[in-house]
Amino acid sequence: MTTVGARRGFASDNAATVHPRVLDAIAAANAGHAFGYGHDPYTHEVERRLAAALGAPDASVFFVFNGSGANVLSLRTALRPWEAAIVSANAHLHTDEVGAPEAVAGVKLLIAETEDGRVTLDGVRRMVERPNDEHAVKPGLLSLTQATELGTLYSLDELRALSELAHAHGLRVHVDGARFANAAAALGVALPELVAAAGIDLLSFGGTKNGLMLGEAVVVFDESLVPGMLHLRKQTLQLSSKMRYIAAQFDALLSDDLWLANASHANAMALRLCDAVSGVPGVMVTRAPAANAVFAILPRAARERLQQEFDFYEWDDVTGEVRWMCSWDTTEGDIDEFAAAVRTAVAGA
Ligand SMILES: Cc1ncc(COP(=O)(O)O)c(C=O)c1O
């Protein structure tokens, strides 16, 4: 059997390992036969527990394979063919899903004014208050990413203001919560509080970036959106036949608040990394880490030298900004070793 190398890095929270309790849960689910496609009592129980953990026992939970699928399925569910989704300029939906919203969901994205990864209230207001006639797509959904792709956060007040504005104009609110757990941990709020502040109608709730092997959930809070979801999930190619193994991972994530421990740890490691490299001559931290990402600019030679040893992405090839992502399994030792390597690399650049 081929073995995987022991290289550590900061490329993505997807690069991290699977939490051992998640693997244990998969193994524990690996007994006997169960109906496929989520039609087994165990999956139903875990769906119920996730809804309860989000403070909405009546919400409907649909496990899916990945975050892009969760987002696109959400758009397909919430929008009619003449409606559009308002997103930020940095939204994963816009920048990293190969046009799947357009190609798969047939949904046009409207890019709102964006600051630090967040849509602005004025920017959204300009879009929803614009007179709308039959020649223009009609905004039908506001999609917010929390935590954002730039590692920033919407405050609870910002979420409230945005969702009130959206709802007042008849839009639904979707949250891309690939890092929803990191956001709750960083804001120090319970999941239900975050859900309520954002007035969420549909949530893409992340698991993969928080210690799962694979699995996300679309959580539908607005029950009028539920009919058709089962069919749409299948049609969007997001229905797992061996669903119990996705459910098992969420079972582990929900047990003893593993989701919170994992997310808090990842966030704490990002802060540690930020502290360790801030003030190092030649390194400019460009965004204070609100969740589990650190962004910085450093000389190209230093970056290239570092990348020989550690994986991470160049985020902006014009400015040379890089992204260092921490995860549930990032250790203090990883940070200290990397920070020392950063110091050496910039000193030699
Ligand atoms: C904010 C955000 N949403 C959605 C996704 C999509 O996840 P996946 O790669 O599982 O499709 C990502 C992945 O990087 C992400 O960062």
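Parameters at a glance
Residues numbered from 1 in each chain as written. Predicted model: local features only at pLDDT ≥ 70, side-chain atom pairs only at ≥ 80, totals over all residues. Heavy atoms only, no water. Near = heavy atom within 4 Å. Polar contact = N/O pair within 3.5 Å; in protein donor to acceptor, adjacent residues only side chain to side chain. Areas by Shrake-Rupley, 256 points an atom, 1.4 Å probe, with all protein chains shown as cover. Helix = DSSP H or I, 4+ residues; strand = E, 2+ residues; numbered from the N terminus. Nonpolar A, V, L, I, M, F, W, Y, C, P; charged D, E, K, R; others polar. Axes fitted to C-alpha atoms, helices over the stretch in contact; angles between N-to-C directions. Parallel < 35°, antiparallel > 145°, perpendicular 65-115°, else oblique. Left-handed = near helix turned anticlockwise from the far one by under 90°. Contact = heavy atoms within 4.5 Å. Phe/Tyr/Trp six-rings, centres within 6.5 Å; stacked < 30°, edge-to-face > 60°. Buried < 20%, exposed > 50% of the residue type's maximum accessible area, 1.4 Å probe, protein only. Core = buried A, V, L, I, M, F, W, Y, C linked by side-chain atoms within 4.5 Å. Expected span 1.5 Å × (residues − 1).

(A) Layout of the site of the ligand. The environment of the ligand is formed by Asn66, Gly67, Ser68, Asn71, His92, Thr145, Glu149, Asp176, Ala178, Arg179 and Lys209. In this structure, an oxygen atom belonging to the ligand sits 2.6 Å away from a side-chain N or O atom of Ser68. One of the side-chain N or O atoms of His92 is found 3.4 Å from an oxygen atom in the ligand. When the free accessible area of the ligand is taken as 390 Å², the share hidden by the protein chains comes to 81%. In terms of residue count, helix α3 (residues 67-78) provides more of the shell around the ligand than any other element does, three residues in total. Class assignment for the residues of the shell around the ligand results in one nonpolar, six polar and four charged.

(B) Summary view of the packing of helix α2 (residues 41-53) against helix α11 (residues 244-254). In the contact formed by α2 and α11, the axes pass within 9 Å of each other and the chain directions differ by 40°. Overall, the two elements α2 and α11 adopt an arrangement that is oblique. Between α2 and α11 the crossing geometry is left-handed. Here Tyr42, Thr43, Val46, Arg49, Leu50 and Ala53 of α2 lie close against α11, whose contacting residues are Arg244, Ala247, Ala248, Phe250, Asp251 and Leu254. Grouping the amino acids of the contact of α2 with α11 by side-chain chemistry returns eight nonpolar, one polar and three charged.

(C) How the structure looks around the packing of aromatic side chains. Here the structure, examined in full by the defined rule, presents nine aromatic pairs. Each ring, one from Phe205 and one from Phe250, has its centre 6.4 Å from the other, and the planes form 40°; the classification is tilted. Of this pair, Phe205 sits in strand β8 (residues 202-205) while Phe250 is found in helix α11, placing the two residues 45 residues apart along the sequence. Of the two residues examined, Phe205 and Phe250, each falls in the buried class. On the numbers, 6.0 Å between centres and 70° between planes, the contact of Phe312 with Phe338 is edge-to-face. With a gap of 26 residues between them, Phe312 in the loop between α13 (300-307) and β12 (313-316) and Phe338 in helix α14 (residues 332-348) connect regions that are remote in the sequence.

(D) The packing of helix α8 (residues 180-187) against helix α12 (residues 258-277), seen in detail. It is the contact of α8 with α12, at a shortest axis distance of 8 Å, that shows an interaxial angle of 75°. Taken together, α8 and α12 sit at an angle that is classed as roughly perpendicular. Contacts between α8 and α12 pair Ala181, Asn182, Ala184, Ala185 and Ala186 from the former with Trp259, Leu260, Ala263, Ser264, Ala266 and Asn267 from the latter. When the residues that make up the contact of α8 with α12 are grouped by side-chain class, the tally is eight nonpolar, three polar and no charged.

(E) Seen up close, the nonpolar core. By size, the foremost hydrophobic cluster in this structure holds 64 residues, and its most contacted members are Leu50, Phe63, Phe180 and Phe250. Per element, the largest residue contribution to this core is eight residues, and it comes from α11. When near neighbours in sequence (up to four residues on either side) are disregarded, Phe250 contacts Val46, Leu50, Phe63, Phe205, Gly207, Leu212, Gly215, Glu216 and Ala217. Met269, Leu273, Leu306 and Phe338 belong to the second-largest nonpolar core, a separate cluster that totals 25 residues.

(F) Highlighting α3. Taking 1.5 Å as the rise per residue, α3 with 12 residues should run 16 Å; its terminal C-alpha atoms sit 17 Å apart, in good agreement. Here α3 lies mainly inside the structure; nine of its 12 residues are buried. Considered for burial, the residues of α3 that qualify are Gly69, Ala70, Asn71, Val72, Leu73, Ser74, Leu75, Thr77 and Ala78. One side-chain oxygen at the N-terminal end of α3 lies 2.7 Å from the backbone nitrogen of Gly69; it belongs to Asn66.

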